[in-house]
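# Structure assessment
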Protein chains: 2
Amino acid sequence: MADAYHHGDLRSVVLHAAADQIAQDGVDRLSLRGLAQRSGVSHAAPAHHFGDRRGLFTALATEGFDLLAAELREAGTDLRDVAVAYVRFALARPGHFAVMFRSDLARADDPGLAAARRRSGQALRDGVGRLEGVADPAAVQLAAWSVVHGFASLWQEGAFVGSDLLDPAADPEAVARRIVDTLVLT
Amino acid sequence: MADAYHHGDLRSVVLHAAADQIAQDGVDRLSLRGLAQRSGVSHAAPAHHFGDRRGLFTALATEGFDLLAAELREAGTDLRDVAVAYVRFALARPGHFAVMFRSDLARADDPGLAAARRRSGQALRDGVGRLEGVADPAAVQLAAWSVVHGFASLWQEGAFVGSDLLDPAADPEAVARRIVDTLVLT
DNA sequence: AGTGGATCTTGACAGTGGCAAGTTAGTCCG
DNA sequence: CGGACTAACTTGCCACTGTCAAGATCCACT
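Residues numbered from 1 in each chain as written. Chains lettered and ligands numbered in written order. Predicted model: local features only at pLDDT ≥ 70, side-chain atom pairs only at ≥ 80, totals over all residues. Heavy atoms only, no water.

Per an unreviewed UniProt entry, chain A carries the name Transcriptional regulator, TetR family and comes from Krasilnikoviella flava.

Structural data, given as structure tokens:
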């Protein structure tokens, strides 16, 4: 740990630091050099693992999609539970979530990222697959994804604070459940 | 136009150029100097109008909220129409939309931005206000906002492209209407 | 033991945002 | 008509950032 050379775990250390910093200050204020300094290495060390600024975001997004997939699978097969799990993930991992759907930050053609995105998409599909007796299942699936994604985004950016739409002290997961209930009973 | 000094319209010229560039390359790749060059002025000229990088984003977000408010008011008083108008705005003004809900980019305490945000919030409220016979109107309002915001965000970032959830050539407004219909009939 | 490759450092370069000081243009007021 | 005042813009500079190239260090393997 106190040794000069990091021996393997630098990659995850930097990733973790990046997620922390993004959660605190936002993506725009993230500096690779600051990240390196915070991780106790020279300014060019991260480049060896991620190559690029885009490479770092790509790795972070990939990790995010894998974490999301795990979270969704754990939630089971009920649409409501899966939806709430999506919101829970977004709020628990703001640093990852802020990067995952930003095509301008990550390298869109990265095969690892595409695979992880596909995995989480599959997990989402598995959880929402059974929609018997619904007129337009595809619309419901789209709506479910959109509503949890939008709610998580808006919540995280503080869009609800002065809106009178909800109690500032409310539990986001509980609100998410209320919203999803509004949706699926169609 | 060919004169050396811009005389007044530089502010809007730069704002327009910024919206264009953000729509093309994303927020992260926006350079104030490139913007200035593209507008035909020196690198420090924008600073006089916006002060700061954050100042530019603040102005752009403010303009965006005003445009959104106008669009929402024009849509009338039906929740479906207002919701679709929200999506239409987001897709028509991607450069503005990308900045409007990013608290890390704009100056959150700016009074002009707060006022514009309040105006568009009011417009949204006016359009969605009448929800008679609904068990949990606040939840429906939250869900409506969340679903259009999420759908517009996901669409813009290309999250739907390989997902089999919808036809890649589909008209986003039509899809948005389908989604909203899924929602309000509760 | 020593060779090879992975990991990290050092040093340099162009580009960026931000600041200070100077320059130009228009306006107002005698 | 002319001179002062102010807004708009320019020039020059600085610290910082991302990126690249070259060198140093460590580890594994034979």
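### Regarding the nonpolar core
What counts here: Here, nonpolar core refers to any group of buried Ala, Val, Leu, Ile, Met, Phe, Trp, Tyr and Cys residues whose side-chain atoms link them within 4.5 Å. Burial classification: accessible surface area is computed with a 1.4 Å probe over protein chains only, and a residue below 20% of its type maximum counts as buried, one above 50% as exposed, and the rest as partly exposed. Any pair of residues with heavy atoms lying within 4.5 Å of one another is described as a contacting pair.
Ranked by size, the top nonpolar core spans 125 residues in total, and within it Tyr-86, Phe-101 and Trp-145 of chain A together with Tyr-86, Phe-101 and Trp-145 of chain B carry the most contacts. Setting aside chain neighbours within four positions, we find Tyr-86 of chain B in contact with Leu-68, Leu-72, Phe-97, Phe-101, Leu-124, Trp-145, Val-148 and His-149 of chain B.

### Focus: the packing of aromatic side chains
Basically, it comes down to this: Whether two aromatic rings pair depends on their centres lying within 6.5 Å, for rings of Phe, Tyr and Trp, where Trp uses its six-membered ring; planes under 30 degrees apart make the pair stacked, over 60 edge-to-face, and the rest tilted. Helix and strand definitions follow DSSP, with helices as H or I runs of at least four residues and strands as E runs of at least two, each counted in order from the N terminus.
In total, this model carries twelve aromatic pairs over all chains according to the counting rule given. Arranged with centres 5.8 Å apart and planes meeting at 50°, the rings of Phe-151 of chain A and Trp-155 of chain A form a pair that is tilted. Of this pair, Phe-151 of chain A and Trp-155 of chain A both sit in helix α8 (residues 137–156), four residues apart, which is roughly one turn of that helix. Classification of Phe-151 of chain A by relative accessible area gives buried; the value is 1%. Arranged with centres 6.0 Å apart and planes meeting at 70°, the rings of Phe-97 of chain B and Phe-101 of chain B form a pair that is edge-to-face. Given a relative accessible area of 7%, Phe-97 of chain B falls into the buried group. Ring-pair connections join several aromatic residues into one group, and the members of that group are Phe-65, Tyr-86, Phe-97 and Phe-101 of chain A.

### Thoughts on the domain arrangement of chain A
All names here are of chain A. Keep this limit in mind: The domain boundaries here were taken from an automatic or database domain assignment. Two parts placed together each lose some accessible area under a 1.4 Å probe, and the buried area is that loss summed for both. A carboxyl oxygen of Asp or Glu within 4 Å of a side-chain nitrogen of Lys or Arg is what we treat as a salt bridge. We call two N or O atoms a polar contact when they sit within 3.5 Å, provided that within protein one can donate a hydrogen and the other can accept it, with sequence-adjacent residues counted only if both atoms are side-chain atoms.
Each domain of chain A was delimited in the assignment, giving domain 1 (1–51) and domain 2 (52–184). Spacing between the C-alpha centres of domain 1 and domain 2 amounts to 26 Å. Of the roughly 1100 Å² buried at the junction of domain 1 and domain 2 (both faces included), carbon and sulfur atoms supply 76%. Summed over the three residues of domain 1 that lose the most area to domain 2, namely Leu-15, Val-27 and Phe-50, the buried surface amounts to 42% of that side. Put simply, domain 1 and domain 2 have zero salt bridges between them. Remark: the boundary between domain 1 and domain 2 carries two residue pairs in polar contact (both at pLDDT 80 or more). Taken together, the elements giving at least two residues each to the side of domain 1 that touches domain 2 come down to α1 (10–25) and α2 (32–38).

### Looking at unusual backbone geometry
Residue and element names in this part refer to chain A. Backbone geometry at Asp-164 places phi at a positive 65°, although glycine is not the residue there. Structurally, Asp-164 can be placed in the loop between α8 and α9 (172–184). By relative accessible area, which is 71% here, Asp-164 ends up exposed.

### Topic: the UniProt feature "DNA-binding region" (unreviewed entry) in chain A
Basically, it comes down to this: UniProt positions are given in the numbering used here, feature names are shortened, and annotations may be inferred rather than shown by experiment.
Per the UniProt entry, the sites bearing "DNA-binding region" (unreviewed entry) are residues 31–50 of chain A in this numbering. Taken end to end, residues 31–50 of chain A is 65% helix and 0% strand, and its first and last C-alpha atoms sit 14 Å apart.

### What about helix α4 (residues 53–75) of chain A?
Filter applied, for reference: A helix is expected to span 1.5 Å multiplied by its residue count minus one.
End to end, α4 of chain A covers 33 Å across 23 residues, agreeing with the expected 33 Å (1.5 Å per residue, within 8%). Just downstream of α4 of chain A lies Gly-76 of chain A, where phi reads positive at about 100°.

### Some points on the environment of Leu-30 of chain A
Residues and elements named next belong to chain A. Among the secondary structure elements, Leu-30 is positioned in the loop between α1 and α2. On the accessibility criterion, Leu-30 (4% relative accessible area) is buried. The spacing of Leu-30 and Arg-53 is 23 residues in sequence and 9.8 Å in space, taken between C-alpha atoms.

### Points about the interface of chain A and chain B
Rules: Residue type decides the class: Asp, Glu, Lys and Arg count as charged, Ala, Val, Leu, Ile, Met, Phe, Trp, Tyr, Cys and Pro as nonpolar, and the leftover types, Gly among them, as polar.
Facing 42 residues of chain A, the contacting portion of chain B comprises 43 residues. Summing both partners gives a buried area of about 3700 Å² for chain A against chain B, and 59% of it is carried by carbon and sulfur. Viewed at the interface, chain B and chain A are joined by four salt bridges. Measuring nitrogen to oxygen at the nearest pair gives 2.8 Å for the salt bridge that ties Arg-178 of chain A to Asp-136 of chain B. Taken together, chain A and chain B are joined by eleven residue pairs in polar contact (both at pLDDT 80 or more). Elements supplying a minimum of two residues to the side of chain A that touches chain B: α4, α8 and α9 of chain A. Ranked by residue count, the leading element in the side of chain A that touches chain B is α8 of chain A, at 14 residues. Taken together, the residues of the side of chain A that touches chain B sort by class into 20 nonpolar, ten polar and twelve charged.

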